[in-house]
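Descriptive analysis of the structure
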Amino acid sequence: MPYHKQNIRTLSEHAKLEIRKYISTMNLEETNKLPREELLAQMTGVSRITVRQALNDLAAEGIVFRRQGKGTFVNVDSLNIKVRFNPSMEFSQIIRNSGYEPSVILGEIKKIPRDPSICELLHLGEDEVLILAEKIFLADGRFCVFCRDYFGAAQLEDGDSLGAFSKYDDSVFQYMYQTSGKKCEWDKIEIDTVLSSEIEGICGYFNRNGLKHMPLLYLKGVNYTSEDVPVLFAKEYINTKLIKYSMIRRKSIAYSFQ
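Residues numbered from 1 in each chain as written. Predicted model: local features only at pLDDT ≥ 70, side-chain atom pairs only at ≥ 80, totals over all residues. Heavy atoms only, no water.

1. Quick word on the nonpolar core
Which entries qualify depends on this criterion: For the purposes of this section, nonpolar cores are sets of buried Ala, Val, Leu, Ile, Met, Phe, Trp, Tyr and Cys residues that join through side-chain atoms within 4.5 Å. Think of it in three bands: residues with accessible area under 20% of the maximum for their type are buried, residues over 50% are exposed, and the middle band is partly exposed, with areas taken using a 1.4 Å probe on protein chains only. Only DSSP runs of H or I with at least four residues qualify as helices, and only runs of E with at least two residues qualify as strands; both kinds are numbered from the N terminus onward.
Residues Ile19, Ile23, Leu34, Val51, Leu55 and Val64 are the most contacted members of the largest nonpolar core, which totals 16 residues. For this core, the elements supplying multiple residues, two or more each, are α1 (2–25), α2 (37–44) and α3 (48–60). When residues in this core are grouped by element, the largest group, 5 residues, is from α3.

2. Examining the environment of Leu211
Applied cut-off: Note on contacts: a residue pair is in contact if any heavy atoms of the two residues lie within 4.5 Å.
Its location among the elements puts Leu211 in the loop between α7 (203–208) and β7 (215–224). A sequence separation of 16 residues divides Leu211 from Leu195, and the C-alpha atoms of the two residues are 9.7 Å apart. Setting aside chain neighbours within four positions, we find Leu211 in contact with Phe143, Ser196 and Phe206.

3. Some words on unusual backbone geometry
Most of the time, phi is negative for any residue but glycine, and the peptide bond is trans. Positive phi values are uncommon outside glycine, yet His123 reaches one of about 55 degrees. Relative to the assigned elements, His123 resides in the loop between α5 (116–121) and β4 (130–139). The residue Asp228 is not glycine, and still its phi comes out positive at about 65 degrees.

4. Here we look at the packing of aromatic side chains
Going by this rule: Here the aromatic set is Phe, Tyr and Trp, taking the six-membered ring for Trp, and pairing holds for ring centres within 6.5 Å; pairs whose planes are under 30 degrees apart are stacked, those over 60 apart are edge-to-face, and all others are tilted.
Tallied over the entire structure, the rule returns 9 aromatic pairs. Ring centres of Phe143 and Phe206 lie 5.0 Å apart, and the angle between their planes is 80 degrees; on these two criteria the pair is classed as edge-to-face. Of this pair, Phe143 sits in strand β5 (residues 142–152) while Phe206 is found in helix α7, placing the two residues 63 residues apart along the sequence. Each member of the pair, Phe143 as well as Phe206, is classed as buried. Geometrically, the ring pair formed by Tyr205 and Phe206 is edge-to-face, given 5.5 Å between the ring centres and 80 degrees between the ring planes. Neither residue differs from the other here; Tyr205 and Phe206 are each classed as buried. A connected cluster of aromatic rings, assembled from ring pairs, spans Phe143, Tyr205 and Phe206.

5. Here we look at the sheet that holds strand β3 (residues 102–112)
Quick reminder of the rule: Paired strands, as defined in this entry, are two strands with at least two bridges between them according to DSSP. Think of each axis as a best-fit line through the C-alpha atoms, taken over the contacting stretch in the case of a helix, with angles from 0 to 180 degrees between the N-to-C directions.
With antiparallel pairing, the 6 strands of this open sheet are ordered in space as β3-β4-β5-β8-β7-β6. Strands at the two margins of the open sheet, each flanked by one partner only, are β3 and β6 (186–195). Direction aside, the axes of adjacent strands within the sheet are offset by 15 degrees on average.

Function cannot be read off these values alone, since they describe shape.
Below you can see the structure in the form of structure tokens.
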């Protein structure tokens with residue numbers, strides 16, 4: 001049942017948070033081994049099954065590594081990573097983690113002509129209006145990220161909700177939650193590169209600020225709720241001179257002796 005799925009996920013997230021808090025208190029120069037699952041379950045107030053799921057999630061993120069018959073260990077190198085691809089953070093937090101002070105230039109939030117490809121990705125009805133919200137994130141006053149977020153008007157309670165967008169200048173996700181009660185839990189993205197001069201409708205900004213032909217990391221994809229419902233399509237253009245993504249990857253290699 002959907003309710004059961006959401007409840008398990010909430011407990012698992014709680015356990016992950018508590019385990020990460022525990023890791024922050026550890027003397028990793030002395031040992032990086034975590035307590036047994038039974039003890040972690042007692043410490044976090046959840047079942048052993050939930051703890052196991054939380055540890056598996058943390059292992060997938062590179063925070064810990066698990067050794068059969070030996071236990072679970074903190075991946076010390078992962079603690080020095082400031083910006084990760086997974087889990088995804090909001091850009092204001094990414095900018096802070098990168099050592100800069102974030103600020104936001106709000107663009108327009110408006111109704112736009114329906115784009116068939118985006119409407120299909122978001123499963124919009126034939127008559128549902130498509131909304132576009134734009135913003136620029138700065139890091140210590142320098143260009144950092146340009147975002148274009150698309151969603152259906154059904155995500156809004158009423159037309160006046162468009163005017164409330166400025167109250168959530170650093171988070172379209174908070175805006176959507178406040179207006180529709182929906183939370184974005186995961187996304188599926190494509191990764192590419194692009195020059196600033198190739199982004200339609202904003203070339204003037206880059207030209208005025210001496211950023212013509214600036215190479216940018218380009219992420220685009222769909223954001224989903226915990227019930228796997230698509231609610232937001234995003235295009236994100238990122239200045240990698242300021243934002244340095246890092247990640248730890250597990251290897252999947254078929255080794256064989258010749």
